[in-house]
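What the coordinates show
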Amino acid sequence: MTKNIAVIKGDGIGPEIVEQALKILSKIGERYNTHFNFSYALMGGIAIDETGEPLPAETVEICKNSDSVLLGAVGGPKWDKGEGNLRPEAGLLGIRKALGLFANIRPVKLIDALSGACPLKDSQKIDLIIVRELIGGAYFGKRETYIDENGHRTAYDTMAYKDYEISRIAKVAFRLASLRRGKVISVDKANVLDSSRLWREIVHQEFSKNEYKNLELSDMLVDNAAMQLIRNPRQFDVVVTENLFGDILSDEASMLTGSLGMLPSASLGVGLCGLYEPIHGSAPDIAGQDKANPLATILSTAMMLRFSLNMEAAANDIEKAVDSALNKGCRTADIMSSGMSLLSCSEMGKAVLNEI
Ligand code: IPM
Ligand code: MG
């Protein structure tokens, strides 16, 4: 069997972490008699440098013709001064939109071996999923920067949602919750924002329209959710929220697992093709130094095998291999603690590979 994977290494630590993930995918391919055919595509800062735009049309084509997309990270100080649509991040938003990837799934699970790296005093059994709406809200709404009639520089972004954008993401959350502990918390700011009031109404409408047996739905205001994630993260099973809130809450929640460097993500649309990427950025400060933690990217490939390639057993193999490497004391700098072995990015990749 052949599976076509579009590979976007991106900027900063992107190439180093993706390289580790590809080695692991190749080994998985041998074990499961699957040929992974990698097509490399440019996006982000490197694409701006080489083609003048953050998301060349060719990249969109390659991704659309693939079974799934693996992405490292984009961005860096070199391109920070670019205009809005000439920034590396515009490439990432563009590919999410072009592939219709409205559902971003970010599992936040504290691996036993890392319980010491969780900053909370009492850190047992943190296992939640953030379902973030990915192609709506303030990221894609009408925006403008201009000088007003009094000469003041003014800028605005619009957070807008359509009913169907809310109902389709709510359904994803309900489906996921039915495979887990059955508890959905919808996060909004309905005490202030119109878009949140519609969000809340549609989420409940979708919930009562379908017979979600054994599911429980409740609402939480985003400021309270930010606090509750630290106060008592175990109350959460599936969190569903709009784009910007999900961006912020998922970085916060990632720390519960010990490091931003541990969190994988899957971005899905209506078809099977998805985009898989770590939730962290391109970490330009440590780029090219072989110091980055490749585990979020490696765990993202496990999500790819599970959600896009129908290879659940292979996904489990990778997750178990990561567990074993951590249990043996392998650590990159971001999750290092006393008595453990400090590994480079490539050494960590090798350590996981050895466990497969
Ligand atoms: C993420 C990132 C991106 C986002 C940035 C790089 C545009 O923070 O995937 O969470 O805000 O969506
Ligand atoms: Mg983010």
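Residues numbered from 1 in each chain as written. Chains lettered and ligands numbered in written order. Predicted model: local features only at pLDDT ≥ 70, side-chain atom pairs only at ≥ 80, totals over all residues. Heavy atoms only, no water.

Within the secondary structure layout, Q20 lies in helix α1 (residues 14-31). With near-sequence residues (within four places) excluded, Q20 lies in contact with P294, I298, C345, S346, G349 and K350. (Helix = DSSP H or I, 4+ residues; strand = E, 2+ residues; numbered from the N terminus. Contact = heavy atoms within 4.5 Å.)

Let us now look at the site of ligand 1. Taken together, E89, L92, R96, R106, R132, Y139 and D247 form the complete shell of residues around ligand 1. Measuring from an oxygen atom of ligand 1, one finds a side-chain N or O atom of R106 at 2.8 Å. The contact in question runs from an oxygen atom of ligand 1 to an N or O atom on the side chain of R132, over 2.8 Å. When ligand 1 is considered free in solution it has 320 Å² of accessible area, and contact with the protein chains removes 77% of it. In the shell around ligand 1, the residues fall into two nonpolar, no polar and five charged. (Near = heavy atom within 4 Å. Polar contact = N/O pair within 3.5 Å; in protein donor to acceptor, adjacent residues only side chain to side chain. Areas by Shrake-Rupley, 256 points an atom, 1.4 Å probe, with all protein chains shown as cover. Nonpolar A, V, L, I, M, F, W, Y, C, P; charged D, E, K, R; others polar.)

On to the layout of surface pockets, then. Counted as a void, the largest pocket has a volume near 1200 Å³. Residue lining of the largest pocket: 43 residues in total, with P107, I129, M303, R306 and F307 positioned closest to the centre. For the lining of the largest pocket, the secondary structure elements donating two or more residues are β4 (103-109), β5 (127-133), α5 (163-178), β11 (264-268), α9 (295-307) and α10 (312-327). The element that contributes the greatest number of residues to the lining of the largest pocket is α10, accounting for six residues. Among the domains, domain 1 (1-101 + 271-356) and domain 2 (119-257) are the pair contributing at least three residues each to the lining of the largest pocket. (1 Å grid on protein atoms, 1.4 Å probe; cavity = no way out; pocket = protein on both sides within 12 Å on 5 of 7 lines; lining within 4 Å. Points joined across faces, edges and corners; volume = space filled by probe spheres on them. Domains from an automatic or database assignment.)

For strand β8 (residues 183-188), a buried count of five out of six residues is recorded, marking the element as mostly surrounded by other parts of the structure. As judged from the six bridges shared by β8 and strand β9 (residues 216-221), these two strands associate in the parallel manner. Counterpart to D188 in the pairing with β9 is L221. Of the crossover connections in this fold, the one passing from β8 over helix α6 (residues 194-209) to the parallel β9 is right-handed. Here β8 runs beside strand β10 (residues 238-241); their pairing, made up of four bridges, is parallel. Across the sheet, residue I185 finds its bridge partner in β10, namely V239. (Buried < 20%, exposed > 50% of the residue type's maximum accessible area, 1.4 Å probe, protein only. Pairing = 2+ DSSP bridges. Right-handed = clockwise from strand over helix to strand, strands pointing away.)

A few words now on the packing of aromatic side chains. Per the counting criterion, the structure on display carries five aromatic pairs. Residues Y161 and W199 carry aromatic rings whose centres are separated by 5.5 Å and whose planes lie at 75 degrees to one another, so their mutual orientation is edge-to-face. Of this pair, Y161 sits in the loop between β7 (153-157) and α5 while W199 sits in helix α6, placing them 38 residues apart in sequence. Like W199, Y161 is buried. Chaining the aromatic ring pairs together yields one cluster made of F174, F207 and Y212. Above the ring of F140, the side-chain terminus of K97 is found at 4.6 Å from the ring centroid. The ring of Y139 carries R132 above its face, with NZ or CZ at 5.2 Å from the centroid. (Phe/Tyr/Trp six-rings, centres within 6.5 Å; stacked < 30°, edge-to-face > 60°. Lys NZ or Arg CZ within 6 Å of the ring centre and 35° of its normal.)

Moving on, we come to the sheet that holds strand β12 (residues 274-278). Strand order in the open sheet formed by ten strands is β2-β1-β3-β12-β11-β4-β5-β10-β8-β9, and the pairing between neighbours is mixed. The sheet is open, and its two borders are formed by β2 (35-40) and β9, each paired with just one other strand. Within this sheet the neighbouring strands show an average axis-to-axis angle of 25 degrees, counted without direction. Seen against the sheet, helix α3 (residues 57-64) touches β1 (2-10), β2 and β3 (68-73) and runs at an angle of roughly 150 degrees to β1. Packed onto the sheet, helix α7 (residues 222-231) meets β5, β8 and β9 and runs at close to 105 degrees relative to β9. (Axes fitted to C-alpha atoms, helices over the stretch in contact; angles between N-to-C directions.)

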